[in-house]
Amino acid sequence: MAQTHQKILSLPNRPFWYEESLERPALSGLVDADIAIVGAGYTGLWTAYYLLKRYPSLRVVILERQRVGFGASGRNGGWASAIFPISLSRVAQMYSHSAALSLQRAMNDTVDEIGRVLAEENIDADYVKSGFLSLARTKPQLERVAAAVESSTRFGLPEQWQAIGAADAADKVGADNVLGGLYTPHCALVHPGKLVRGLAHVVEKMGATIYEQSPVISIAQGHVQTANGAVQAETIVRATEAFTCQQQDQRRSVIPLYSLVLATEPLSAEQQRATRLEQRMAFNDMRHLRIYGQMTASGRLIFGGRGAPYHFGSRITDKDDLVDGVHTKIYDTLLELFPQLDELSITHRWGGALGVSRDWCPTVSFDPAKRIGWAGNYVGDGVATSNLAGRILSNLIFNHDEEINRLPLVNHHSPIWEPEPFRWLGINSGLFAAGLSDFEERLTNKPSRAAHLLEKLTGAH
Ligand SMILES: Cc1cc2nc3c(=O)[nH]c(=O)nc-3n(C[C@H](O)[C@H](O)[C@H](O)COP(=O)(O)OP(=O)(O)OC[C@H]3O[C@@H](n4cnc5c(N)ncnc54)[C@H](O)[C@@H]3O)c2cc1C
């Protein structure tokens, strides 16, 4: 094991999804456009896509600081899931019961909408909709399965989650010590890199211009300033997710939380059969500190998790993508689930920042007076939500009325985060408590009280 740890730690910082591609030019000089979008991740690209689909003659300019998919969109775990970061009961408390139900239905539809567009536009992003299974591997986790199904049924969504028995669960994902599982069909897997690059090519074909290596320095009504140029546009969209905290007037609106990932070499056909991973289902187990897994179309296991520290002052640097202690812990967790894969080599390791608002609720907002829109704060659930956000933003920008414009995340305003050092203390204590809760449950075999308190405080689930 120690030798494998050493090998993992010698790997460079490189997402498995990354691919060298043609570089696009940087912006220089002044350009006129109808819409300027800051950020070439899913949010920016889906917004451009839906705008151009409806109004093909729009002049859309996308400004990207690094390259297409540099952010979380090129690094994530590839679950396009209908999971919303806060519980539906929390949404109902903030808005209404029926608003929460509409939100869940819209999230479910979004998983299919992504599949529909990929097929229509011939984007090969290895999309497969096999659902998501959260395994219960301890008694407290099994209790949480029953509680989740009961609360979702009581809420009015009896079909959203199903409790499945040990044999059925192990037949879907053949991990060790499976006692049961919580299954939903509303989840697809994608290759995040193929998705973001494919989307970029499609919007370019539709007429958008993407500038790379063009960091935006300031956004004001009608004007976006980059290091070497500027765009004058009637409407501006800020699609910078976790990086939003680097903008002068947004320092406390969102914090960057890191999630770290490993990729294995391809599993043999025999290993895929034995672990049941050949079915390509999104999976994790019901521990508190979130982990996630997917099997790629090429037979590699992608396995990631939270637990990396929050950095003082919301720092985001390339160096922070790698945390040795967390990457080795993720590897140990992978082997805890699949001890039979201990001979498998790890070929890639990486990490990335995701955006979290103070109440853990995503937002899609538009200020009609300034004509500036923004969307983000998806926590770790932005692959599907960013598609929904793109559709809503394109509606709000041109006043196109649709049911989704009334969803609870539309024009949602979260409170701002505390100043430092309270922010650093609070977030890192929360992360520590989540890890500790899992340890406590393993030790006592009883549901952790600390975790219960944490869920109450954040509303996250
Ligand atoms: C490791 C990891 C795993 C994840 N796993 C999942 C998952 O399995 N399922 C899921 O649903 N979600 C997951 N997420 C979250 C999901 O990836 C994100 O919510 C989603 O990709 C956000 O897309 P975005 O376009 O809003 O932001 P991003 O993809 O972060 O794009 C923002 C872009 O803006 C650019 N930018 C920033 N500042 C500027 C500036 N000043 N000027 C110009 N450009 C700028 C950045 O370079 C970046 O390319 C994960 C995230 C991470 C990090």
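Residues numbered from 1 in each chain as written. Predicted model: local features only at pLDDT ≥ 70, side-chain atom pairs only at ≥ 80, totals over all residues. Heavy atoms only, no water.

The name recorded for the protein in an unreviewed UniProt entry is FAD-dependent oxidoreductase, from Pantoea rwandensis.

Things to note about the overall build of the protein
The following threshold applies: The helix count covers DSSP runs of H or I at least four residues long, the strand count covers runs of E at least two residues long, and both are numbered beginning at the N terminus. What the globule rule says is 2.2 Å times the number of residues to the power 0.38, and the radius of gyration is computed from C-alpha atoms. Accessibility here uses a 1.4 Å probe with only protein chains present; expressed as a share of the type maximum, an area under 20% marks a residue as buried, one over 50% as exposed, and anything in between as partly exposed. A contact between two residues is defined here by any heavy atoms of the two lying within 4.5 Å. Positive charge is attributed to Lys and Arg, negative charge to Asp and Glu, and no charge count is given to His or to the chain ends. Positions of charges follow a simple convention, taking NZ of Lys, CZ of Arg, CG of Asp or CD of Glu.
Of the regular secondary structure elements, the protein holds 12 helices and 18 strands. For the protein, the C-alpha radius of gyration of 21 Å lies close to 23 Å, the compact-globule estimate for 461 residues. In terms of overall dimensions, the protein has a C-alpha envelope of 60 × 50 × 50 Å along the principal axes. When the 461 residues of the protein are sorted by exposure, 58% land in the buried category. Partitioning the intrachain contacts of the protein with sequence separation of at least 6 by distance along the chain shows that 77% fall at a separation of at least 24. Computed over 45 positive and 48 negative side-chain charges, the inter-centroid distance for the protein is 3 Å.

A closer look at the packing of aromatic side chains
Counted only if it meets this: For this analysis, a ring pair means two rings from Phe, Tyr or Trp (six-membered ring only for Trp) whose centres lie within 6.5 Å, classed as stacked if their planes differ by under 30 degrees, edge-to-face if by over 60, and tilted for the remaining angles.
One pass over the full model with this rule turns up 12 aromatic pairs. Ring geometry for tyrosine 49 against tyrosine 50: centres 5.1 Å apart, planes inclined by 85°, an arrangement best described as edge-to-face. Note on tyrosine 50: relative accessible area 10%, which makes it buried. Relative to phenylalanine 338, the ring of phenylalanine 283 lies with its centre 5.8 Å away and its plane at 90°, an arrangement referred to as edge-to-face. Here phenylalanine 283 is found in strand 13 (residues 282-285), whereas its partner phenylalanine 338 is found in the loop between helix 9 (324-337) and strand 16 (346-356), with 55 residues between them in sequence. For the pair phenylalanine 283 and phenylalanine 338, a shared accessibility class is recorded, and that class is buried. Aromatic ring contacts, followed pair by pair, group Trp79, Phe132, Trp161 and Tyr292 into a single cluster.

Describing the site of the ligand
The criterion, for reference: Consider each residue's heavy atoms; a residue with any of them within 4 Å of a molecule or strand counts as near. Polar contact is the term for a pair of N or O atoms within 3.5 Å; when the atoms are in protein, one must be able to donate a hydrogen and the other to accept it, and sequence-neighboring residues count only if both atoms are side-chain atoms. Charged residues are taken to be Asp, Glu, Lys and Arg, nonpolar residues to be Ala, Val, Leu, Ile, Met, Phe, Trp, Tyr, Cys and Pro, and polar residues to be all remaining types, Gly included.
Among the 35 residues in the neighbourhood of the ligand, the closest are listed as Thr43, Glu64, Ser73, Val216 and Gly380. One of the backbone nitrogen or oxygen atoms of tyrosine 42 is found 3.0 Å away from an oxygen atom of the ligand. Between the ligand and the protein, one listed contact pairs a nitrogen atom with a backbone N or O atom of glycine 77 at 2.9 Å. By residue class, the composition of the shell around the ligand is 16 nonpolar, 14 polar and five charged.

Points about the UniProt feature "domain: FAD dependent oxidoreductase" (unreviewed entry) in the protein
The line we're drawing: UniProt positions are given in the numbering used here, feature names are shortened, and annotations may be inferred rather than shown by experiment.
Under the local residue numbering, the UniProt record ascribes the feature "domain: FAD dependent oxidoreductase" (unreviewed entry) to residues 34-395. Helix makes up 32% of residues 34-395 and strand 27%, whereas the separation of the span's terminal C-alpha atoms amounts to 15 Å.

Comments concerning the environment of arginine 75
Mapping arginine 75 onto the fold places it in the loop between strand 2 (60-63) and strand 3 (79-81). Separated by 275 residues in sequence, arginine 75 and tryptophan 350 have C-alpha atoms that sit 7.7 Å apart. If near-sequence neighbours (up to four positions away) are discounted, arginine 75 is found in contact with Pro15, Trp17, Phe70, Val261, Asp321, Trp350, Gly351 and Gly352. In terms of polar contacts, arginine 75 uses its side chain to reach the backbone carbonyl oxygen of glycine 351, at 2.8 Å.

A closer look at unusual backbone geometry
At the junction of glutamate 420 and proline 421, the peptide bond is cis and its omega measures out at 10° in the coordinates. Mapped onto the elements of the fold, proline 421 is located in the loop between helix 10 (382-397) and helix 11 (422-444). Here the phi dihedral of aspartate 126 falls at roughly 55°; this positive angle occurs in a residue that is not glycine. Here the phi dihedral of asparagine 377 falls at roughly 60°; this positive angle occurs in a residue that is not glycine. Relative to the elements of secondary structure, asparagine 377 occurs in the loop between strand 18 (372-376) and helix 10.

A few points about the domain arrangement of the protein
What counts here: Domain borders in the structure are assigned automatically or taken from a domain database.
Its domain assignment divides the protein into domain 1 (15-77 + 193-254 + 359-406) and domain 2 (419-460). Distance between the C-alpha centres of domain 1 and domain 2: 33 Å.

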